[in-house]
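Each chain, written out:
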Amino acid sequence: MKWQWNLGKFAGIDVYIHATFLLLVAWVGYSHWLENQSWSEVFSGILFILALFACVILHEYGHALTARKYGIKTRDITIYPIGGVARLERMPEKPIEELWVALMGPAVNVVIAAGLFTYLTLTSSLVPLSELTIASGSFVERLMMVNVSLVLFNLIPAFPMDGGRVLRALLAMRMDYVKATQIAASIGQGVALLFGLIGLFGNATLLFIAFFIWIGASQESSATQMKNAISGIPVGRTMLTDYKSLSPRDPLSQMAQLILAGSQHDFPVLDNDRVVGVVTRDDFLTALTQHGQNVAISAVMRSNPPAVDSYEMVESALMRIQESGIPALPVTHSGQLVGIVTAENITEYLMIRSALQASKMVVPI
Ligand SMILES: [Zn+2]
């Protein structure tokens with residue numbers, strides 16, 4: 001159970017809502033009830049939260065649809081109580097593209113706020129700007145202010161906020177990507193420290209945000225270092241070459257024996273020496289529960305897995321592992337299966353290489 005519900009598919013992207021979001025809705029309803037004991041207040045409080053999160057979803061679509069222009073798919077958009085997350089299949093390579101993808105989220109909220117501002121001006125129901133707050137005022141006014149705060153909050157120059165990516169993209173136009181990330185992450189952690197310090201003097205929300213930014217900054221910097229460590233390495237050096245394979249006609253019981261006998265989880269399926277699929281351990285277990293062990297591998301395997309050539313770079317193999325959701329991809333060369341590539345094996349390769357580098361030995365791999 002993933003504790004999230006599908007709200008539907010819009011523009012080809014599934015939108016999910018996380019179960020904890022309902023807690024937020026319940027809490028907003030409850031606190032409005034405590035304050036006023038009126039159902040209409042509870043109703044308008046909840047309606048406001050839903051309108052706010054509709055704006056958050058549109059913000060995520062700003063990122064997702066811009067990424068699509070650069071050929072990057074978005075797996076899904078999930079709404080959590082602290083905001084939305086659009087899971088892009090990868091980040092854009094070019095700094096200018098990352099800049100646009102990062103900026104188009106907050107840009108959506110600028111447009112919404114401007115639209116609401118125009119509406120308020122046209123209906124002459126706008127109160128002077130100095131008297132506007134998020135907590136008081138009409139529904140439309142508060143929604144406008146909340147969109148303004150979304151823009152400001154997201155443009156804080158720190159990961160995982162959009163501002164952090166904007167900063168990194170701007171730096172990366174002038175220097176190497178890893179260095180740009182490190183500088184952006186350090187600035188983010190500086191911001192986190194500052195927020196944390198202010199938060200210590202009684203603002204719990206700021207403390208929470210500081211914590212959130214700190215974690216985000218260090219995650220981004222290590223992910224980029226990892227990316228840098230694997231660049232320029234061909235798959236052939238990091239692949240598993242001692243593996244077992246299955247035939248499409250084998251029964252599931254054959255795979256059960258192989259799993260028990262060795263440490264391999266996922267198996268390439270060969271028909272006349274040609275790769276026709278992959279069976280993952282998860283798919284195997286699900287099929288075993290549903291149909292028993294006499295079913296043929298061909299009914300369970302994922303057909304035509306993405307091809308990886310042994311001369312390709314590890315980076316693109318990892319990307320295909322991520323995109324396809326298949327943890328072990330067959331590696332071929334001139335049509336022949338020569339190995340299997342997994343994220344785990346690549347990590348092992350990197351560990352061995354860095355141990356050798358630390359020992360100042362000649363690096364043979
Ligand atoms: Zn964003």
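Residues numbered from 1 in each chain as written. Predicted model: local features only at pLDDT ≥ 70, side-chain atom pairs only at ≥ 80, totals over all residues.

**Student:** Residues and numbers for the overall build of the protein, please.
**Tutor:** A tally of regular secondary structure across the protein gives twelve helices and ten strands. The principal-axis extents of the C-alpha atoms in the protein amount to approximately 75 × 55 × 40 Å. Counting every position in the protein, which comprises 365 residues, the buried fraction comes to 28%. Pairs at least 24 residues apart make up 57% of the contacts formed inside the protein by residues separated by at least 6 positions. (Helix = DSSP H or I, 4+ residues; strand = E, 2+ residues; numbered from the N terminus. Buried ≥ 20, exposed ≤ 12 C-beta atoms within 10 Å, placed from the backbone. Contact = placed C-beta atoms within 7 Å.)

**Student:** Tell me what's going on with the nonpolar core, and back it up with residues and numbers.
**Tutor:** One finds A158, F159, A192, F195, A210, I213 and A217 to be the most contacted residues of the largest nonpolar core, which totals 28 residues. For this core, the secondary structure elements donating two or more residues are β2 (13-18), α2 (39-69), α3 (95-122), α5 (162-172), α6 (177-200) and α7 (204-230). The element contributing the most residues to this core is α6, with six residues. Mapping this core onto the domain boundaries places at least three of its residues in each of domain 1 (1-155) and domain 2 (157-230). Core analysis: the second largest hydrophobic core is formed by 24 residues, L246, M255, L318 and V331 among them. (Core = buried A, V, L, I, M, F, W, Y, C linked by C-beta atoms within 7 Å. Domains from an automatic or database assignment.)

**Student:** Please set out the pairing of strand β5 (residues 267-271) residue by residue, giving values where relevant.
**Tutor:** When β5 meets strand β6 (residues 274-279), the two strands line up antiparallel, connected through five bridges. The residue bridging D271 from the neighbouring strand is R274, located in β6. The turn linking β5 back onto β6 is made up of two residues, and N272 within it adopts a positive phi angle of 50 degrees. (Pairing = 2+ DSSP bridges.)

**Student:** Summarise the sheet that holds strand β10 (residues 336-342); cite the residues concerned and give the values.
**Tutor:** The strand order across the open sheet formed by three strands is β8-β9-β10, and the pairing between neighbours is mixed. In this open sheet, the two edge strands, each paired with only one partner strand, are β8 (308-309) and β10. As paired strands, strand β9 (residues 328-333) and β10 are joined by six bridges and run antiparallel to one another. Bridge pairing links A328 to T342 in β10. Across the sheet, helix α11 (residues 314-324) touches β8, β9 and β10, and the angle it forms with β9 is around 135 degrees. (Axes fitted to C-alpha atoms, helices over the stretch in contact; angles between N-to-C directions.)

**Student:** Kindly report on the environment of A64, identifying the contributing residues and their values.
**Tutor:** Locating A64 in the fold gives a position in helix α2. Residues A64 and I13, 51 residues apart in the sequence, show an inter-C-alpha distance of 8.7 Å. Setting aside residues up to four positions removed in sequence, A64 forms contacts with I13, T74, I77 and A86.

**Student:** I'd like to hear about the sheet that holds strand β7 (residues 302-303), residue by residue, with values.
**Tutor:** Across the sheet, three strands lie side by side as β5-β6-β7; this open sheet has antiparallel pairing. In this open sheet, the two edge strands, each paired with only one partner strand, are β5 and β7.

As far as function goes, none of this settles anything; it's purely spatial.
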